[in-house]
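# Residue-level structural notes
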Amino acid sequence: MNIIKTALGAVCLAIFLTGCASQNPVKRYSTCSGKSFNQLLESTELKPLFNDIAREFCTEPCAAGAGTPPESIPTCSGANDSTDYSILVTDFVDIQSFTPASQGLLMGELMRGSLSSVCSTKITQVEFAKFFNLNEKGLVVLSRKVSEIKKDEYDQTEAIVGTYSYLNNKIVIFARKINVVSGKISRMVTREIDYNCAGGTVSYSVK
């Protein structure tokens with residue numbers, strides 16, 4: 001008899017817990033699948049984002065002692081302090097379609113504006129396809145001969161080359177400083193923007 005009572009009690013307890021679970025569903029992360037790429041960009045403070053990217057290109061980390069945490073290392077002036085320094089800056093290209101689209105044109109303009117205002121860098125706007133090719137094999141420098149770069153139109157050998165990726169709730173931005181003669185990447189900056197859409201509003205975090 002005791003065994004039957006114990007079994008009935010266990011069944012009742014299971015039903016009670018099931019009812020509680022159904023009344024308290026787990027809160028889920030709200031996706032932004034209904035939002036377009038442009039809508040997400042409109043909800044993003046892009047100017048501070050690109051100012052922050054530019055700041056990493058026009059400053060270099062100073063020497064620090066062993067064991068110094070990265071956030072404690074000060075920044076020193078870089079090559080951009082020269083009054084003669086100028087750089088090529090391309091529009092940003094989608095790494096899925098290999099084209100800039102309107103979003104890439106906007107990012108390129110923001111990058112140029114930030115480099116000019118934050119770093120006081122002289123800017124030359126160039127077409128991405130003139131020096132670079134992006135395909136499924138990656139980014140390729142098309143022109144490696146100084147004679148092809150050293151023209152009246154383009155007398156710089158360094159370029160900031162930007163790409164981006166859009167994946168529903170996330171936009172990832174990549175910016176590289178490249179020597180267009182050697183193809184060497186001297187610096188790369190990445191920003192990942194994660195979006196959360198809940199209650200009709202769009203919020204995001206940058207890392």
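Anyway, here's the lowdown on the structure attached to this text.

On to the overall build of the protein. On a plain count of helices and strands, the protein comes out with 6 helices and 11 strands. Counting the 207 residues in the protein, one finds 35% classified as buried.

Another aspect to go through is the pattern of salt bridges. Tallying each qualifying case throughout the model produces 9 salt bridges. Residues Arg191 and Glu56 are paired through a salt bridge, measuring 2.5 Å at the closest nitrogen-oxygen approach. You can see Arg191 sitting in strand S10 (residues 185-198) and its partner Glu56 sitting in helix H3 (residues 46-57), a full 135 residues away along the chain. Accessibility expressed as a relative area gives 10% for Arg191, which makes it buried.

Of all hydrophobic cores here, the largest spans 28 residues; its most connected members are Phe50, Ile53, Met107, Met111, Leu115 and Ile173. Residue assignment for this core shows that the elements contributing at least two residues are helix H2 (37-42), H3, strand S3 (86-90), helix H4 (101-119), strand S8 (158-167), strand S9 (170-179) and S10. The biggest single contributor to this core is H3, with 6 residues. Not counting chain neighbours up to four residues away, the residues in contact with Ile53 comprise Met111, Ile173, Ala175, Val189 and Arg191. Leu134, Val141, Val161 and Ile178 belong to the second largest nonpolar core, which has 12 residues in total.

Right, let's get into the environment of Phe98. Mapping Phe98 onto the fold places it in the loop between strand S4 (93-94) and H4. The exposure class of Phe98 is partly exposed, given its relative accessible area of 33%.

All right, on to the packing of aromatic side chains then. All told, the structure shown has 5 aromatic pairs when counted by the stated rule. Pairing Phe50 with Phe92 gives two aromatic rings, centres 5.8 Å apart and planes at 80 degrees, and the pair type is edge-to-face. Taken together, the residues span a long stretch of sequence, with Phe50 in helix H3 and Phe92 in the loop between S3 and S4 at a distance of 42 residues. Judged by centre distance (5.8 Å) and plane angle (50 degrees), the rings of Tyr195 and Tyr204 are tilted. Using a relative accessible area of 28% as the deciding quantity, one classes Tyr204 as partly exposed. Through successive ring pairs, a cluster of aromatic residues spans Phe37, Tyr164 and Tyr166.

Let's shift gears to the pairing of S10. Pairing between S9 and S10: 9 bridges, direction antiparallel. The residue bridging Ile171 from the neighbouring strand is Ile193, located in S10. Connecting S9 to the next strand, S10, in antiparallel fashion are 5 residues, including Gly183 with a positive phi near 80 degrees. Looking at chain direction, S10 and strand S11 (residues 201-206) are connected through 6 bridges and run antiparallel. Counterpart to Tyr195 in the pairing with S11 is Tyr204. As consecutive antiparallel partners, S10 and S11 are separated by 2 residues, and within that stretch Gly199 has a phi angle of approximately 65 degrees, a positive value.

Criteria and cut-off values
Residues numbered from 1 in each chain as written. Predicted model: local features only at pLDDT ≥ 70, side-chain atom pairs only at ≥ 80, totals over all residues. Heavy atoms only, no water. Helix = DSSP H or I, 4+ residues; strand = E, 2+ residues; numbered from the N terminus. Buried < 20%, exposed > 50% of the residue type's maximum accessible area, 1.4 Å probe, protein only. Salt bridge = Lys/Arg side-chain N within 4 Å of Asp/Glu carboxyl O. Core = buried A, V, L, I, M, F, W, Y, C linked by side-chain atoms within 4.5 Å. Contact = heavy atoms within 4.5 Å. Phe/Tyr/Trp six-rings, centres within 6.5 Å; stacked < 30°, edge-to-face > 60°. Pairing = 2+ DSSP bridges.

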